2 protein chains.
Amino acid sequence: MSPQLRGYPDGVDRPATLADVAAASGVATSTASRALANPGRVNAITRERIERAARELNYIPNSQARALTSGRTRCIAVLVSDITNPFYFGIIRGTQLQLKAAGYTQLLVDTEESDELEDGMLHKLRPSFDGAILAASRLTDRHLTALAEEVPLVAINRQTRGVANVFIDTPTGVEQAVGHLASLGHRTIVYASGPETSWSNERRWRALVRSAEHYQVEAQRVGPFAPRQYAGAAAADAVLHAGATACIAFNDLLAIGMLARFRERGVDVPGDVSLVGCDDIFGADFCNPPLTTLTAPIEQAGRTAVSMLLARLDENATPVGRQAATLPTHLTVRASTGPAPASQTTSTKGRG
Amino acid sequence: MSPQLRGYPDGVDRPATLADVAAASGVATSTASRALANPGRVNAITRERIERAARELNYIPNSQARALTSGRTRCIAVLVSDITNPFYFGIIRGTQLQLKAAGYTQLLVDTEESDELEDGMLHKLRPSFDGAILAASRLTDRHLTALAEEVPLVAINRQTRGVANVFIDTPTGVEQAVGHLASLGHRTIVYASGPETSWSNERRWRALVRSAEHYQVEAQRVGPFAPRQYAGAAAADAVLHAGATACIAFNDLLAIGMLARFRERGVDVPGDVSLVGCDDIFGADFCNPPLTTLTAPIEQAGRTAVSMLLARLDENATPVGRQAATLPTHLTVRASTGPAPASQTTSTKGRG
DNA sequence: ATGAAAGCGCTAACAC
DNA sequence: GTGTTAGCGCTTTCAT
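Residues numbered from 1 in each chain as written. Chains lettered and ligands numbered in written order. Predicted model: local features only at pLDDT ≥ 70, side-chain atom pairs only at ≥ 80, totals over all residues. Heavy atoms only, no water.

### What about the pairing of strand 9 (residues 274-279) of chain A?
Residues and elements named next belong to chain A. Counting buried residues in strand 9 gives six out of six residues, a clear majority hidden from the surface. On the question of chirality, the crossover connecting strand 8 (residues 246-249) to the parallel strand 9 by way of helix 12 (residues 252-264) is right-handed. With four bridges connecting them, strand 9 and strand 10 (residues 292-295) associate as parallel partners. Each bridged residue has a counterpart across the sheet, and for C278 the counterpart in strand 10 is L294. (Buried < 20%, exposed > 50% of the residue type's maximum accessible area, 1.4 Å probe, protein only. Helix = DSSP H or I, 4+ residues; strand = E, 2+ residues; numbered from the N terminus. Right-handed = clockwise from strand over helix to strand, strands pointing away. Pairing = 2+ DSSP bridges.)

Here is the structure:
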């Protein structure tokens, strides 16, 4: 009866189990188990026999069952706030590659920018994964810190006490961008803000303020805007209204949306206004004009996050090595930035 | 000892199990199980008590354990050939949404355009999912048909005997594109071919040939090319070498790559050559010039695939209803297509 | 080095 | 209605 129970149609032969392998090679299941998992602790010749049987029977260990006893699923959850955001493609690709190489499986979850969903999924799926990677978590610091006690976690672009993280150093890139714009003669730089719940957003804005001071230019802020293409129209209008000649956008998605609106309104980029994006996502190089942006090692961030997480999982209770990594970004100048319009240009004043 | 076994650090209280809930509400585990899964078959008042206990203990069913007995994991595998291809973003988003709504989890797998990896993952993970969605499978027809007997499957853009499918009707769109180009005076249309293992690729080419005949224009073919941006350079060169004034590319990714190369070579689009892409992916609307393309309901394809799969899973042995769905595409004309260059234009000859 | 046996958390007969 | 009893496939003591 059992075959039917397992949901296999009557005739279809169900996958071989460890018991089948053991029977076929005349040993106990425990021996078969050891032979396959702990090759050292079994007689070489016996092991040989077992391995052959396994191969012949096309034996594939049932990871569910294994997880039940061992408590380890060899599965890692990767949470992103919006699957359709190209920024995450890179992350996902990086995690996927690295996980596969380590024999792990990836559980991809879209949290839809919702902290509740994020928390809910993390709990609901808790028994199904060994650890999680949070790309741009929307949880509060308190919440995140608490969570990290229950679940092995690595956060990407989020530095919080007690939570391992991979940080893409966009703030430093922002400083370069401000320098770049200042050197082009821009006197006012407006920041097109992303979601207020985004940790990165605050960091970028603060970096902008800091370096604006350094370069003696004025910093303004408009927004917040959704980190999406469609929000670009409103952002572009706001920038224009602010009367600035230069803008740094929270991310490329928003910047690309702004580009369209500027064209619509007959505003020339970079003739009338210069625009800098963040991340260098797919599309930043071929939009019109190609976007000057802060190139982030996105895929590597994913890979690094996985490495950190797996290292922790394996070191099994060892106090761990690296708990944080910082990845550098760099300014990639393309065609969306240029000299400030003549009417507004003043001679470059002494720098701070 | 058991708590430690499960991998929970000494002090940390492990998640409540069904046994805990049962004990707390003074019933047998089986009753608790029923109360939670099959509310109808249990005394209302008892159920109330059990549900409260579950809530208080913060009980979360262990899906691994559940899968072990029931054989159902409530997890669906989604296989894509390349995660970084924006075409799949839409698919993934669609499947994710629909799966979540049905209380299922998505297992995302990148097969890296490899049929071996595709087959391997499908088998290795077999016990971990109830069914799979194959987006652009690279498996042979034989293989796929055989597989469909073992695993509940829905293929996207792949029609094979015995395999349920969701088909995005790009071929019909190609016919429209050919009509569009013919009406613009183009006499020769070259197809920039995608991977030879791609089923869609053949279908698109055949549609092109068929309708070229209909419109009395010449059809040529160059390639194959990888369905990636970087392959666009070679494709653009090949098209130019073929001396055609119009091109339909296997997909937008390739077309976008071609755009860059054309600009590099001083070839004006659409002045010198018209270009049509396929799929209308992210970026097709903001590249330069914006791409005329065949808009595909990508996200809906994902949703539909999930619906079909889940319907089959639930109808549990019922011979099933819909085994195939066809989703229409339409030509979206943007700035990458225009009249054929004067030197080549001939008066529009009678149409077939 | 190997086997026997006891579970992991849950579900599904089968009684009562 | 509800409790009892077997397992699902695997790992892991504990003997031998």
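### Here's the deal with the packing of aromatic side chains
Aromatic ring pairs are reported here in terms of the distance separating the ring centres and the angle at which the planes meet. Residues and elements named next belong to chain B. Counted according to the given criterion, the structure contains eleven aromatic pairs over all chains. When the centroid spacing of 5.7 Å and the interplanar angle of 80° are considered together, the rings of F167 and W199 count as edge-to-face. In this pair, F167 is assigned in strand 5 (residues 164-169) and W199 in helix 10 (residues 199-215), connecting sequence segments 32 residues apart. With relative accessibility at 5%, the residue F167 sits in the buried group. (Phe/Tyr/Trp six-rings, centres within 6.5 Å; stacked < 30°, edge-to-face > 60°.)

### Some remarks on the packing of helix 11 (residues 232-242) of chain A against helix 12 of chain A
All names here are of chain A. As a packed pair, helix 11 and helix 12 sit with axes 7 Å apart at the nearest point and diverge in direction by 70°. Considered as vectors, helix 11 and helix 12 are oriented roughly perpendicular to each other. In this structure, helix 11 meets helix 12 at a crossing whose hand is right-handed. The residues of helix 12 that touch helix 11, namely those facing G232, A233, A235, A236, D237, V239 and L240, are L254, G257, M258, R261 and F262. Its residues assigned to classes, the contact of helix 11 with helix 12 comprises eight nonpolar, two polar and two charged. (Axes fitted to C-alpha atoms, helices over the stretch in contact; angles between N-to-C directions. Parallel < 35°, antiparallel > 145°, perpendicular 65-115°, else oblique. Left-handed = near helix turned anticlockwise from the far one by under 90°. Contact = heavy atoms within 4.5 Å. Nonpolar A, V, L, I, M, F, W, Y, C, P; charged D, E, K, R; others polar.)

### Looking at the interface of chain B and chain A
If you look at the interface, chain B gives 49 residues, while chain A gives 48 residues. Counting the surface lost from both chain B and chain A, the interface buries some 4,400 Å², and carbon and sulfur atoms represent 59% of this. For the chain B face of the interface with chain A, the top three residues by lost area are Q64, F282 and F286 of chain B, together amounting to 15%. Linking chain B with chain A are six salt bridges. E112 of chain B is the salt-bridge partner of K100 of chain A, the closest N and O atoms lying 2.4 Å from each other. Linking chain B with chain A are nine residue pairs in polar contact (both at pLDDT 80 or more). (Buried area = accessible area lost by both parts, 1.4 Å probe. Salt bridge = Lys/Arg side-chain N within 4 Å of Asp/Glu carboxyl O. Polar contact = N/O pair within 3.5 Å; in protein donor to acceptor, adjacent residues only side chain to side chain.)

### Section: the sheet that holds strand 6 (residues 188-192) of chain A
The pairing of strands in a sheet happens through backbone hydrogen bonds and is either parallel or antiparallel. Residues and elements named next belong to chain A. In space, the six strands of this open sheet follow the order 7-6-8-9-10-12, with mixed pairing throughout. Looking at the sheet topology across the chains shown, the edges are occupied by strand 7 (218-222) and strand 12 (330-332). Taking each pair of neighbouring strands and ignoring which way they run, the sheet shows an average axis angle of 25°. Of the strand pairs in this sheet, strand 6 and strand 8 are connected by four bridges, and their pairing is parallel. The residue bridging I189 from the neighbouring strand is A246, located in strand 8.

### Focus: a positive patch on the surface
Side chains of R66, R72 and R74 of chain A together with K124 of chain B sit close together on the surface and give a patch of like positive charge. As for its position among the elements, R72 of chain A is in the loop between helix 5 (63-70) and strand 1 (75-80). (Patch = residues over 30% accessible without salt bridge, like charges linked within 9 Å, V, L, I, M, F, W, Y side chains within 5 Å. Areas by Shrake-Rupley, 256 points an atom, 1.4 Å probe, with all protein chains shown as cover. Lys, Arg positive; Asp, Glu negative; His and termini not counted. Charge placed at Lys NZ, Arg CZ, Asp CG, Glu CD.)

### Things to note about the confidence of the model for chain A
Should the pLDDT be low somewhere, the predicted coordinates at that spot are not to be read in detail. Residues and elements named next belong to chain A. Looking at chain A as a whole, the pLDDT averages 90, with 91% of positions reaching at least 70. Counting interchain partners and residues more than four positions distant, the pLDDT-below-50 stretch residues 1-5 has five contacts. Of the regions scoring below 50 in pLDDT, residues 344-352 engages in 13 contacts with residues more than four places distant in sequence or in other chains. (pLDDT = per-residue confidence, 0-100.)

### What to know about the packing of helix 7 (residues 115-124) of chain A against helix 8 (residues 141-150) of chain A
All names here are of chain A. Where helix 7 contacts helix 8, the two axes come as close as 12 Å, and the packing angle between them is 10°. Between helix 7 and helix 8, the angle falls in the class roughly parallel. Residues D119, L122 and H123 of helix 7 form the contact with helix 8, whose participating residues are H143, L147 and E150. Residue composition of the contact of helix 7 with helix 8, grouped by class: two nonpolar, two polar and two charged.

### Let's talk about the protein's contact with DNA strand C
Neighbouring residues of DNA strand C: 25 residues in total, closest T31 and T46 of chain A together with L18, Y59 and R66 of chain B. Counted by atom, the contact set of DNA strand C within 4 Å of the protein is 64% sugar and phosphate. The separation between a phosphate oxygen of DNA strand C and a polar main-chain atom of N43 of chain A is 2.7 Å. At 2.6 Å, a side-chain N or O of R66 of chain B approaches a phosphate oxygen of DNA strand C. Of all the elements in the fold, those that place two or more residues in the surface near DNA strand C are helix 3 (29-37) and helix 5 of chain A together with helix 3 (29-37) and helix 5 (63-70) of chain B. By residue number, the principal contributor to the surface near DNA strand C is helix 5 of chain B, which donates four residues. In the surface near DNA strand C, the residues fall into nine nonpolar, twelve polar and four charged. (Near = heavy atom within 4 Å.)

### Here we look at the UniProt feature "domain: HTH lacI-type" (unreviewed entry) in chain A
Within this structure's numbering, the places UniProt gives as "domain: HTH lacI-type" (unreviewed entry) are residues 16-70 of chain A. For residues 16-70 of chain A, the end-to-end C-alpha separation is 20 Å, with 69% helix and 0% strand making up the annotated structure. (UniProt positions renumbered as here; feature names shortened; annotations may be inferred.)

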